[in-house]
Amino acid sequence: MAIKKNTASMRMTSLYAPTLKEDPAEAELASHRLLLRAGFIRKQASGLYSYLPLAWRSLKKIEAIVRDEMDGAGAQELMLPIMVDAELWRESGRHDAYGPELMRFDDRHGREFVLGPTHEETITDLVKNELKSYKQLPVNLYQIQSKFRDEIRPRFGLMRSREFIMKDGYSFDATQEGLQASYDAMKDAYARICERCGIHALPVVADSGQIGGDTSVEFMALADAGEASLVYCDACGFAADDEAASTRVPVTEGAGAGALEKAHTPGMGTIEQVAAFFGLPENGTRKSLALVAEDGTRVVAIVPGDHELNDVKAEHLFGEYHLMSDEELEQAGLHKGFIGPVGLPAGIRLVCDESLRESTSWTCGANEVDYHFTGACPGRDFEVDEWADLITVVAGDPCPHCGRPLAGARGIEVSQVFQLGTKYSEAMGATFMDEDGREKPLIMGCYGVGISRTLTAAVEQHNDEHGIVWPVSIAPFEVAIIPLDPKKEPCAGVAERLFDELVAAGIETVMDDRDERPGVKFADNDLMGFPYQIILGRRGLERGVVELKDRATGEREDVPVEEVAAKVAALVEAARA
Ligand code: ATP
Ligand code: MG
């Protein structure tokens, strides 16, 4: 006999959702605070959270959306062990590289294991003796599982925790074109996952390939609380991490008539002072930074005065570099605040930002204390060793694709797609026999969705002063019935009837049958954020109406008792993802 179980409904008197009256002191972000207050999560230890029934319902909905998109794109779900033999991580070379974020432990035999922070090694090991021929490819496998990372700073609740739920997927192809197709399909699916979860996200290019196409994209949920700083273009859809965006910015020519002239600038060691002294905007000056590259080379890097040297780009060029200390400056024969491209001491490499390439009259330090040059011209007054992309892009800079001004925003990385290529298959010997009879490493892609982070990002985007405002698609319940006199007729009877009608219509409904004051019920239901509320009051029922409240807009309307279930069901069905 089948077990009769109704998972679509719940009475609040039975619901395990302990709410908090006060804001928890440790929660900085709205999402963290609200999920704690509304009784969705509880902290177990630093970076470890229990998902209580309401959160678990929402998480399962996010997972269902992810599964639907993955299966629709031809991926197959499986489940790998969370524990991974550390030997596999040695094979791939990540055992050392991953550092202290990797949770390591020994079993009773003294064999080392790790708790998987991600599963490239395990999946590569799994397929390496099975996917032996090009005829078996492509294959795309995924799982939804708890992941472990001993984050240096676990914070913001589910945003950055030490145990979290991730969907991780891996594709195996025989050719680069195959990988591209697998990757593109995942990228499209990821965009739909965000949309269906009610998350406004931008696909941000994290890495550009050699032929200009992207090889990694992060989906960034826009939110002020986000850790990533982004620039994007409303006109053409370009979006990038400000660390990764490259663009040429407009610069102003410096002071003077074009001939190289030395000016006395006593004590003017900052861009602000120099710009004011010469009556220039800051981008009419040139900012010079002295650094030591990883290989010991001394470098002067010059950028437009109104921009900063980008650390990530500088690391690409110079390896693990550092800015020169006062002592190192002295040894190099350079003077803080007065460094420039003309007359650099021998042995110093000059690298200048691309944006300055066409500029012929620079106002810059003169490599002499209290002096600047005006009219310094590359090629005539000094030689540039290398032109490179050096600056951090800021809002207002021109879009590298269409030239219109970029906007700035902050973002939460909810998911990422990545072309791995043969990094793991080569290291771990996962090869297949190609059509031409040659043995080649499998070409891989990896794809991750932060399921629990998606939940918290959704709350970060959808809340107000009263609480959470769930998108219908991932709401723990779609409708709340709120009888204000749950013990009295006709209120009690009507509430029961509506409950039955909605449940029969397949609407996920919670009934607030608690014997509480109306104010308490309104506050709790708003806090928990159910998308629609049906409020049953004595006076309304006398007229044969109930109140239907839309949590997102706050709009309330009177609806006849016999129409409300059908009306709410239609609203919910239209809004489901
Ligand atoms: P971050 O840069 O935020 O640390 P990541 O780039 O290291 O994340 P990935 O390895 O790309 O993370 O993992 C895939 C997804 O897993 C991320 O896009 C994110 O949504 C989620 N995720 C990663 N780390 C955490 C964490 N500590 N807590 C919750 N979710 C996480
Ligand atoms: Mg990532």
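A few points on the structure. (Residues numbered from 1 in each chain as written. Chains lettered and ligands numbered in written order. Predicted model: local features only at pLDDT ≥ 70, side-chain atom pairs only at ≥ 80, totals over all residues. Heavy atoms only, no water.)

Following Leu137, the chain continues to Pro138 via a peptide bond in cis, the omega torsion being 0°. Positionally, Pro138 belongs in the loop between helix H5 (120-127) and strand S8 (139-148). In this structure, Pro490 follows Glu489 across a cis peptide bond, with omega equal to 5°. Secondary-structure assignment places Pro490 in the loop between strand S28 (479-483) and helix H12 (491-504). Backbone geometry at Phe156 places phi at a positive 60°, although glycine is not the residue there. Relative to the helices and strands, Phe156 resides in the loop between S8 and strand S9 (163-173). According to the relative accessible area criterion, Phe156 is buried, its value standing at 10%. (Helix = DSSP H or I, 4+ residues; strand = E, 2+ residues; numbered from the N terminus. Buried < 20%, exposed > 50% of the residue type's maximum accessible area, 1.4 Å probe, protein only.)

Turning to the packing of helix H2 (residues 53-72) against helix H11 (residues 451-461), a few remarks are in order. For any two helices packed against each other, one specifies the crossing angle of their axes together with the interaxial distance. In the contact formed by H2 and H11, the axes pass within 10 Å of each other and the chain directions differ by 115°. If you check the angle between H2 and H11, you find them roughly perpendicular. The element H2 and its partner H11 pack so that their crossing is right-handed. Of the residues in H11, those in contact with Ala55, Ser58, Leu59, Ile62, Glu63 and Val66 of H2 are Ile451, Ser452, Thr454 and Leu455. (Axes fitted to C-alpha atoms, helices over the stretch in contact; angles between N-to-C directions. Parallel < 35°, antiparallel > 145°, perpendicular 65-115°, else oblique. Left-handed = near helix turned anticlockwise from the far one by under 90°. Contact = heavy atoms within 4.5 Å.)

The next thing to look at is the site of ligand 1. Around ligand 1, 14 residues are found, and the nearest of them are Arg149, Glu151, Arg160, Ser161 and Glu413. At 2.7 Å, a side-chain N or O of Glu151 approaches a nitrogen atom of ligand 1. Calculation on ligand 1 without its partners gives an accessible area of 590 Å², and the protein chains cover 80% of this total. Within the residue set of the shell around ligand 1, elements represented by two or more residues are S9 and strand S22 (407-421). Looking at the shell around ligand 1 element by element, the count peaks at 4 residues for S22. (Near = heavy atom within 4 Å. Polar contact = N/O pair within 3.5 Å; in protein donor to acceptor, adjacent residues only side chain to side chain. Areas by Shrake-Rupley, 256 points an atom, 1.4 Å probe, with all protein chains shown as cover.)

For the rest of this paragraph, the subject is the packing of helix H1 (residues 30-37) against H11. Here H1 crosses H11 at 105°, and the two axes come no closer than 8 Å. Relative to H11, H1 is oriented roughly perpendicular. Residues Ala30, Ser31, Leu34 and Leu35 of H1 lie in contact with H11, whose contacting residues are Leu455, Thr456, Val459 and Glu460. Grouping the amino acids of the contact of H1 with H11 by side-chain chemistry returns 5 nonpolar, 2 polar and 1 charged. (Nonpolar A, V, L, I, M, F, W, Y, C, P; charged D, E, K, R; others polar.)

Moving on: the sheet that holds strand S14 (residues 261-264). As summarised here, the arrangement of the 3 strands in space is S14-S20-S19, forming an open sheet in which the pairing is antiparallel. Taken across any chain shown, the strands that pair with only one partner, and hence form the sheet edges, are S14 and strand S19 (362-365). Adjacent strand axes in the sheet meet at a mean angle of 30°, parallel and antiparallel pairs treated alike. Sheet analysis places S19 next to strand S20 (residues 371-376), joined by 3 bridges and oriented antiparallel. For Trp362, the partnering residue across the bridge sits in S20 and is Ala376. Sitting on the sheet, helix H7 (residues 271-278) touches S14, S19 and S20, and the angle it makes with S20 is about 60°. (Pairing = 2+ DSSP bridges.)

A few words now on the packing of aromatic side chains. To describe a pair of aromatic rings, you give the distance between the ring centres and the angle between the ring planes. The full count for this structure, using the stated rule, is 10 aromatic pairs. Geometrically, the ring pair formed by Phe318 and Tyr321 is edge-to-face, given 6.3 Å between the ring centres and 70° between the ring planes. You can call Tyr321 buried: its relative accessible area is 16%. Note on Trp362 and Trp387: the rings are 6.4 Å apart at their centroids and 70° apart in plane angle, and the pair reads as edge-to-face. Note that Trp362 is positioned in strand S19 and Trp387 in strand S21 (residues 386-388), a separation of 25 residues in sequence. Neither Trp362 nor Trp387 differs from the other in exposure class; each is buried. Connected via pairs of aromatic rings, a cluster forms that spans Trp362, Phe382 and Trp387. (Phe/Tyr/Trp six-rings, centres within 6.5 Å; stacked < 30°, edge-to-face > 60°.)

A word on the nonpolar core. A general feature of soluble globular proteins is that nonpolar side chains tend to end up buried together. By size, the foremost hydrophobic cluster in this structure holds 63 residues, and its most contacted members are Leu35, Phe40, Met70 and Trp470. The residues touching Phe40, leaving out its near neighbours within four places in the chain, are Leu35, Ser50, Tyr51, Leu52, Leu54, Ala55, Ile468, Trp470, Pro476 and Met528. Among the nonpolar cores identified, the runner-up in size contains 24 residues, and Val479, Ile481, Tyr532 and Ile534 belong to it. (Core = buried A, V, L, I, M, F, W, Y, C linked by side-chain atoms within 4.5 Å.)

In this structure the tally under the stated criterion is 44 salt bridges. Of the charged contacts, one joins Glu63 and Arg67 as a salt bridge, the two residues approaching to 3.5 Å between their closest N and O atoms. Of the two residues, Glu63 and Arg67 are both situated in helix H2; the distance of 4 residues between them amounts to about one turn of the helix. Using a relative accessible area of 9% as the deciding quantity, one classes Glu63 as buried. Across the pair Asp524 and Arg514 runs a salt bridge, and its minimum N-O distance is 2.9 Å. Taken as a pair, Asp524 in helix H13 (residues 518-528) and Arg514 in the loop between strand S29 (509-511) and H13 lie far apart in primary sequence, 10 residues in all. Several salt bridges converge on common partners, so that one network encompasses Asp68, Glu69, Arg192 and Arg196. (Salt bridge = Lys/Arg side-chain N within 4 Å of Asp/Glu carboxyl O.)

The next thing to look at is the coordination of the magnesium ion (ligand 2). By definition of the ideal shapes, four donors in a tetrahedron about a metal sit 109.5 degrees apart, and six donors in an octahedron sit 90 or 180 degrees apart. All of the protein donors around the magnesium ion (ligand 2) are Glu413 (OE) and Gln416 (OE1); their distances to the metal are 2.1 to 2.2 Å. Of the residues examined, Glu413 reaches a relative accessible area of 28% and is grouped as partly exposed. For Gln416, a relative accessible area of 22% gives the class partly exposed. (Donors = N, O, S within 2.8 Å, 3.2 Å for Na, K, Ca; no water.)

Together, Glu243, Glu294, Asp295, Asp311, Glu315 and Glu320 make up a negatively charged patch on the protein surface. Checked against the element boundaries, Glu243 lands in the loop between strand S13 (239-241) and S14. The class for Glu243 is partly exposed, based on a relative accessible area of 30%. (Patch = residues over 30% accessible without salt bridge, like charges linked within 9 Å, V, L, I, M, F, W, Y side chains within 5 Å. Lys, Arg positive; Asp, Glu negative; His and termini not counted. Charge placed at Lys NZ, Arg CZ, Asp CG, Glu CD.)

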